[in-house]
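Residues per chain are reported as follows:
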Amino acid sequence: MLQITCPHCGARAESEFHNGGEAHIERPKDPAALTDAEWAEFVFLRDNPKGLLLERWNHTQGCRRWFNVARDTVTYEILAVYPMGSQPPALDPRRYV
Amino acid sequence: MSGYRLSSGGQIDRARPLSFAFDGKRYQGYAGDTLASALLANGVDLFGRSFKYHRPRGLFSAGVEEPNALVTLRSGARAEPNTRATVVELYDGLEASSQNRWPSLAFDVMAMNQLAGPLFSAGFYYKTFMGPTRKAWMLYEYFIRKAAGLGAGTLLPDPDRYEEMNAFCDVLVVGAGPAGLMAATAAASSGARVILADEQSALGGNLRGSASAQENLAGLAALDNVTLLARTTVYGYYDDNTLGAVERVADHVAAPAEGQPRERHWTIRAKQVVLATGAIERPIIFGDNDKPGVMLADAGRLYVERHGVAPGRRVAVFANNDGAYRSVAALTTAGVAVSAIVDARREIGAEAQAIAAASGAELLLGQVVTRALGGQRLSGIEVAAFDPVQGARDGAQRQISADCLLVSGGWTPTIHLASQAGGPARWDDSLTAFLPGEASQPWRAAGACQGTLDSAACFAEGAQAGAEAARACGLSPNPVSLPGAKTEPLADVPLPVWDARPPHGKGKAFVDLQHDVTASDISLAHREGFRSVEHLKRYTTLGMATDQGKTSNVTGLALMARERKLSIPEVGTTRFRPPYTPVSLGALAGQARGSHFRPTRRTAMHDWHVENGAEMQAAGLWLRPRIYAQGSETVEQAYSREARQVRASVGMVDVSTLGKIDVQGLDAAEFLNRVYSNGFLKLPEGKARYGLMLREDGFLWDDGTTWRLSETQFLMTTTTANAAPVLSQLEFLLAAVWPELKVAVTSVTEQWAGMAVSGPKSREVLASVLDDLDMSNEALPFMGVRKGHLNGLPVLVARLSFSGELAYEVYCGAHHGEAVWSRILEAGKPFGMIPYGVEALGTLRIEKGHVAGPELDGRTTAEDLGLAGMTSRKKHYIGSSMLKREGLTDPARLKLVGFVSADGGKIRAGAHLVAANDTSSPPRSLGHITSTTYSPALEKYIALGLLEDGPERVGEKLVATYPLKNIDVDVEVVSSHFFDPEGSRMHV
């Protein structure tokens, strides 16, 4: 089980958290300007990289607040935790063959 | 019957005799025995019958690797099948029984399977029992499972308690043998929090009982920063250095003491781990190598040294390495006769020679055991000359009499945990063994589990690993003194001998004893094209029994390599998965069983419902009153009476389970306007509005009323089922999508008790109990919300109707729920007011054609349900952009309509709607039934459903068919608004 450091509560077991999928998916500001394909991209399509993934997590069983996590999908190592609305810290993209 | 108790020696307490029973027969053992050692001491050599062939089997090992001696321990509710007799600690009154035999262990009818031997080769089930249809397998399976199998579990509830423990430490040391003890000592010297766990009944491993180990353990036990866990198996290595362990707190006694758990599950999160898990001896294959009396060499030594039991009266030894000579030395010291030592090597070292000479045994070098002789147990061995290149030779076999054969084929490091948390295992050619691969988590291995078999080297490696682990935690370990072990001159490097049979050797040669997989099964699998080790394993079931191939995996790989003419590392190995040894389900379930499996939510009026005869039903975690049956009423009679009374006069239902979310802030109205499909900006204070929520992909998600309590405060209600998901979604939108909105949301579901008062007399009832509210139509119009008091208690009253009658919802603080509920009912007495349950609630809403969970199934759109008018065209909201996509506007989509039973039959939810004249099989489905009820207002069975061209078919006759139960009901398609379609009754 992963240990995730909630920026508000500290290190807690993964079972207290809920994964909210890929981070930095911005909801289009001007919906009318989008084509169907662009909407489909926003609603349905997400990256599934081998290596560095930026994702949202919610501390469901704790403070219930959302935050961002940079995680390696191969080793599950958590590389950074940073607040909603901010950009991720500079991270090595981690390439796997 | 050749095992016997030695007159002295062993770590048993001869002053504490224990009585026990095996298959109903009484025996005596001593404290410090295992069930296996005590039975061996009593001369018992038959422990079980094998899985496929029902061959007689005896003790093979002295530890967790035991493939044969599986017994059912205890009886009744505490019966536990498939326990290994080798690790069951003896206690007074122990009862055990053998398995997989009928009618008795000594005479087993199924042993005739042996005569059919060739039939039971690899993959035989798949080849033989796959008839033309799946049904054939299902028929055969019953008999196969009955004939081949293990012990049967009890169906009685487990009377014992299991605990869960979460532990955090700097260094976890797994295994308390020479390496583990030193690792823990070195790490603890730094002040690190250390946990030292070992699966055996006492810590020490091979040093158990020695003075140096006792001293070492006493030193560790005195430290506050060290936790010692005996009888604790670390069985799994999980992400982020989390390890699972089971402590068998009371498995070594008949029943746990008062307040004591049987087992305790430990979830251990360690910064650093030292794996000192040791090694398991492996056998060498020869003909009929499963005869009772054939045993691993080190097991023979342990029975002598640890339990004071001789494994036989004429012991022969078969080895390809020096390890077996330790056993010879132990037997000689204890006065047990060793008749012959058969060693495949042509030359052995001076130390081994000296041990052999001291034992008085005949030493046969360059020879191997080709076959075990005897009937139900070993009576002798056949020996032949061995050539390292050609193997054993045919002919010229010599027979030697023996009642016990100790076999040593070298050591297999216990790399299970390392494999779970690391890269592929590394092959070591000199040890002919797999060693731990690269660590993918912070662990380091020490001692025998990484191929170091010499005690002095194990001490040094352990101390170094412990110190390094402490340093990796940022701590400074002190140097520790190593016990004065002399470097042993015995060499554990084996001569590779896997299969000692000559080319035309006789007898079955077993690789996996527990699953009855033979060397010829592996050859057959290869001939049939199963080349990959993964396929080999699954096709032959090698290593897939409860012992997970602890003594057979490497040999199986070696035989596969021989077939493929490759080296063992080229064939490769499979990855180990948890658990290392079997874990009881009770330990994993812990306290989460029965009513503690998940929480139960009760409303504030729960006790009242129960006291007043409600039949409660689960709705998610909630318990809700289903009906309040009177006398011998059926469910249908009860809800019909309740619904009828609501329409005739007045009733009240508990609606506390609806999700309630407090939405506050300057932008609250704007926020709601973006999450609901209909407009909320202009909702005035003191008014409620029914709202629809869509998913971002355009499908309907949830519905409910939201009440504007002030300019900046709303009370949102959701369906019972979606209360938590809706809150999460709102929180997500505010945090991630619209952080600029000044809005806060909080769940208040449990803070409010809610009740709906429905029926033409509801106004009069409430007017009589409310302290300060004008209940007139003008003062409190339809959808109006007012704050008031009832008996001085603050309440919210909203004029909403789910039943289609004049109705109100009354909300109050949850602690006042029962008082307010009772007071209203009392006031309703003159009108014949009744409480009604969720069945009647459903009946009333179906009569009105209101949608609920069965219609909001995640696959319907607002338009499908006739709610298109509630999807605004003037604004953007969640789901609006996807609403117009082709698939959601397809005219062929199923639409909501009503149905009435034309033939008086009861319509079933889930029934499919088909044309009456459709004779095809199966008939084409035109849609399906979602909600059904008997309607007391229409005096007919009615239903809601989704139907192709629904509204256009009104007036048509269809059949609602339920093929699973062969029920067909003739139905007529009608409007979904069955009762009072104008809504005149609720606007009075």
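None of the values given here were measured: they were computed from a predicted structure.

How each quantity is defined
- Residues numbered from 1 in each chain as written.
- Chains lettered and ligands numbered in written order.
- Predicted model: local features only at pLDDT ≥ 70, side-chain atom pairs only at ≥ 80, totals over all residues.
- Heavy atoms only, no water.
- Helix = DSSP H or I, 4+ residues; strand = E, 2+ residues; numbered from the N terminus.
- Buried < 20%, exposed > 50% of the residue type's maximum accessible area, 1.4 Å probe, protein only.
- Contact = heavy atoms within 4.5 Å.
- Areas by Shrake-Rupley, 256 points an atom, 1.4 Å probe, with all protein chains shown as cover.
- Domains from an automatic or database assignment.
- Buried area = accessible area lost by both parts, 1.4 Å probe.
- Salt bridge = Lys/Arg side-chain N within 4 Å of Asp/Glu carboxyl O.
- Nonpolar A, V, L, I, M, F, W, Y, C, P; charged D, E, K, R; others polar.
- Polar contact = N/O pair within 3.5 Å; in protein donor to acceptor, adjacent residues only side chain to side chain.
- Axes fitted to C-alpha atoms, helices over the stretch in contact; angles between N-to-C directions.
- Parallel < 35°, antiparallel > 145°, perpendicular 65-115°, else oblique.
- Left-handed = near helix turned anticlockwise from the far one by under 90°.
- Pairing = 2+ DSSP bridges.
- Phe/Tyr/Trp six-rings, centres within 6.5 Å; stacked < 30°, edge-to-face > 60°.
- Lys NZ or Arg CZ within 6 Å of the ring centre and 35° of its normal.
- Disulfide = S-S within 2.5 Å.
- Core = buried A, V, L, I, M, F, W, Y, C linked by side-chain atoms within 4.5 Å.
- Expected span 1.5 Å × (residues − 1).

### So, the overall build of chain B
A tally of regular secondary structure across chain B gives 23 helices and 50 strands. Its C-alpha atoms give chain B principal-axis dimensions of roughly 115 × 70 × 55 Å. In chain B, which comprises 988 residues, the share counted as buried stands at 58%. Of the contacts formed within chain B by residues at least 6 apart in sequence, a portion of 67% connects residues at least 24 apart. Total accessible area on chain B is roughly 39900 Å²; 53% of this is exposed by carbon and sulfur atoms.

### Topic: the domain arrangement of chain B
Residue and element names in this part refer to chain B. Taken as a whole, chain B is organised into domain 1 (598-657 + 749-859), domain 2 (663-747) and domain 3 (891-988). Using only C-alpha atoms to locate each centre, domain 1 and domain 3 end up separated by 28 Å. On the side of domain 3, 24 residues touch domain 1, which itself brings 25 residues to the contact. Summing the contributions of domain 1 and of domain 3, the shared interface buries around 2100 Å²; its carbon and sulfur component is 52%. Of all residues in domain 1, the largest losses of buried area upon contact with domain 3 belong to Ile846, Glu847 and Lys848, amounting jointly to 29% of the total for that side. Counting the contacts that link domain 1 with domain 3 gives two salt bridges. With its nearest N and O atoms 3.9 Å apart, the salt bridge here joins Lys906 to Glu636. For the side of domain 1 that touches domain 3, the elements supplying multiple residues, two or more each, are helix 17 (635-648) and helix 22 (838-848). When residues in the side of domain 1 that touches domain 3 are grouped by element, the largest group, six residues, is from helix 17. The residue inventory of the side of domain 1 that touches domain 3, partitioned by class, reads seven nonpolar, seven polar and 11 charged.

### Here's the deal with the interface of chain B and chain A
Listed by partner, the interface residues are 23 residues for chain B and 15 residues for chain A. Taken together, the two surfaces of chain B and chain A that pack against each other cover about 1700 Å², and 57% of this comes from carbon and sulfur. Our count for the contact surface shared by chain B and chain A stands at two salt bridges. A:Arg64 serves as the salt-bridge partner of B:Glu731, at 2.9 Å between the closest nitrogen and oxygen. Connecting chain B to chain A are 10 residue pairs in polar contact (both at pLDDT 80 or more).

### Structural notes on the packing of helix 11 (residues 519-527) of chain B against helix 13 (residues 553-564) of chain B
Residue and element names in this part refer to chain B. Close contact between helix 11 and helix 13 brings their axes to 10 Å; oriented N to C, the two are set at 45°. On the basis of the axis angle, helix 11 is oblique to helix 13. The handedness of the crossing between helix 11 and helix 13 comes out as right-handed. Contacts between helix 11 and helix 13 involve Ala519, Ile522, Ser523 and His526 on the former and, on the latter, Gly556, Leu559, Met560, Glu563 and Arg564. In terms of residue class, the contact of helix 11 with helix 13 is made up of four nonpolar, three polar and two charged.

### Examining the sheet that holds strand 45 (residues 894-901) of chain B
Residue and element names in this part refer to chain B. Read around the barrel, six strands follow the order 45-48-47-46-49-50 and close on themselves; strand pairing throughout is antiparallel. Within this sheet the neighbouring strands show an average axis-to-axis angle of 45°, counted without direction. Where strand 45 and strand 48 (residues 940-948) come together, seven bridges link them in antiparallel fashion. Counted as the bridge partner of Val897 is Gly945 from strand 48. Lying on the sheet, helix 22 is in contact with strand 47 (927-935) and strand 48; it crosses strand 47 at an angle near 115°.

### Here we look at helix 22 of chain B
For the α-helix, the turn length of 3.6 residues means that residues three or four positions removed from each other point alike. Residues and elements named next belong to chain B. Buried residues dominate helix 22, accounting for 10 of its 11 residues. Of all the positions in helix 22, only Val838, Ala840, Leu841, Gly842, Thr843, Leu844, Arg845, Ile846, Glu847 and Lys848 are classed as buried. Buried-residue contacts for helix 22 involve strand 32 (614-619), strand 33 (622-628), helix 17, strand 34 (651-654), strand 47 and strand 48. A positive phi of about 75° marks Gly849, the residue just after helix 22.

### Some thoughts on unusual backbone geometry
Residue B:Pro578 is joined to B:Pro579 through a cis peptide bond whose omega torsion reads 0°. Note on placement: B:Pro579 falls in the loop between helix 14 (568-571) and helix 15 (585-589). One non-glycine residue, A:Tyr76, lies in the positive phi region at around 70°. Mapped onto the fold, A:Tyr76 is located in the loop between strand 5 (66-72) and strand 6 (78-83). Taking the relative accessible area as the measure of exposure, A:Tyr76 reaches 34% and is therefore partly exposed.

### Observations concerning the packing of aromatic side chains
With the rule as written, the count across this model stands at 17 aromatic pairs over all chains. With centroids separated by 5.3 Å and ring planes inclined at 75°, the aromatic side chains of A:Trp39 and A:Phe42 adopt a geometry described as edge-to-face. On the criterion of helical spacing, the pair formed by A:Trp39 and A:Phe42 is a turn pair, its members being three residues apart in helix 1 (residues 36-44). With respect to class, A:Trp39 is no different from A:Phe42; both count as buried. Seen from their ring centres, B:Trp752 and B:Tyr811 are 6.2 Å apart, and the 45° between their planes marks the pair as tilted. Of this pair, B:Trp752 sits in strand 40 (residues 752-758) while B:Tyr811 sits in strand 43 (residues 807-813), and the two are 59 residues apart along the sequence. Sitting above the plane of the B:Phe680 ring, B:Arg689 keeps its charged end 6.0 Å from the centroid.

### Some words on the state of the cysteines
Residue and element names in this part refer to chain B. All told, the structure shown has zero disulfides over all chains when counted by the stated rule. The structure places no disulfide on Cys449, whose sulfur is separated from the nearest cysteine sulfur, that of Cys458, by 9.0 Å. In this model Cys473 remains outside any disulfide bridge; the closest cysteine sulfur is found in Cys169, 8.4 Å from its own. For Cys473, a relative accessible area of 18% translates into the label buried.

### Points about the side chain of B:Asn68
Residues and elements named next belong to chain B. Mapping Asn68 onto the fold places it in the loop between strand 5 (56-57) and strand 6 (70-73). For Asn68, the side chain forms a polar contact with the main-chain oxygen of Gly58, separated by 3.3 Å. Not counting chain neighbours up to four residues away, the residues in contact with Asn68 comprise Arg57, Gly58, Phe60 and Leu513.

### A few points about the sheet that holds strand 40 of chain B
All names here are of chain B. An order of 41-42-43-40-34-44 is seen for the six strands of this open sheet, with the pairing classed as mixed. Strand pairing shows two members of the sheet lacking a second neighbour, strand 41 (785-790) and strand 44 (834-835), which therefore form its edges. Sheet analysis places strand 41 next to strand 42 (residues 793-798), joined by six bridges and oriented antiparallel. Within the sheet, the bridge partner assigned to Val785 lies in strand 42 and is Ala798.

### Considering the pattern of salt bridges
Residue and element names in this part refer to chain B. Counted by the stated rule, this structure contains 50 salt bridges over all chains. Close ionic contact of Asp288 with Arg371 constitutes a salt bridge, the shortest N to O distance being 3.8 Å. One end of the pair, Asp288, is in the loop between strand 15 (279-281) and strand 16 (294-296); the other, Arg371, is in strand 21 (residues 367-374), with 83 residues separating them in the sequence. Put simply, Arg501 and Asp499 hold a salt bridge, and the shortest N to O gap is 2.9 Å. Judged by relative accessible area, which is 23%, Arg501 ranks as partly exposed.

### With respect to the nonpolar core
Ranked by size, the top nonpolar core spans 82 residues in total, and within it B:Leu35, B:Leu94, B:Phe286, B:Tyr303, B:Phe318, B:Ile381 and B:Leu405 carry the most contacts. Ranked by residue count, the leading element in this core is helix 1 (residues 35-41) of chain B, at six residues.

### A short note on the pairing of strand 43 of chain B
Residues and elements named next belong to chain B. Burial analysis of strand 43 places six of its seven residues in the buried class, which makes it a mostly covered element. The pairing of strand 40 with strand 43 spans seven bridges and is antiparallel. If you follow Gly754 over to strand 43, its bridge partner there is Tyr811. Here strand 42 pairs with strand 43 via four bridges, running antiparallel. Looking at strand 43, one finds that Val795 is bridged to Cys812.

### Let's talk about helix 17 of chain B
Residues and elements named next belong to chain B. Over its 14 residues, helix 17 extends 20 Å from the first C-alpha to the last, a length consistent with the 20 Å expected when each residue adds 1.5 Å. Restricting attention to buried positions, one finds in helix 17 the residues Ala638, Tyr639, Ser640, Arg641, Glu642, Ala643, Val646 and Arg647. In this structure, the buried side of helix 17 is in contact with strand 33, strand 34, strand 40, strand 44, helix 22 and strand 47.

### Quick word on the environment of B:Gly205
All names here are of chain B. Tracing the backbone shows Gly205 in the loop between strand 10 (194-197) and helix 5 (211-221). For Gly205 and Gly180, which are 25 residues apart along the polypeptide, the C-alpha to C-alpha distance reads 8.9 Å. For Gly205, the contacting residues outside a window of four places in its chain are Ala176, Gly177 and Arg306.

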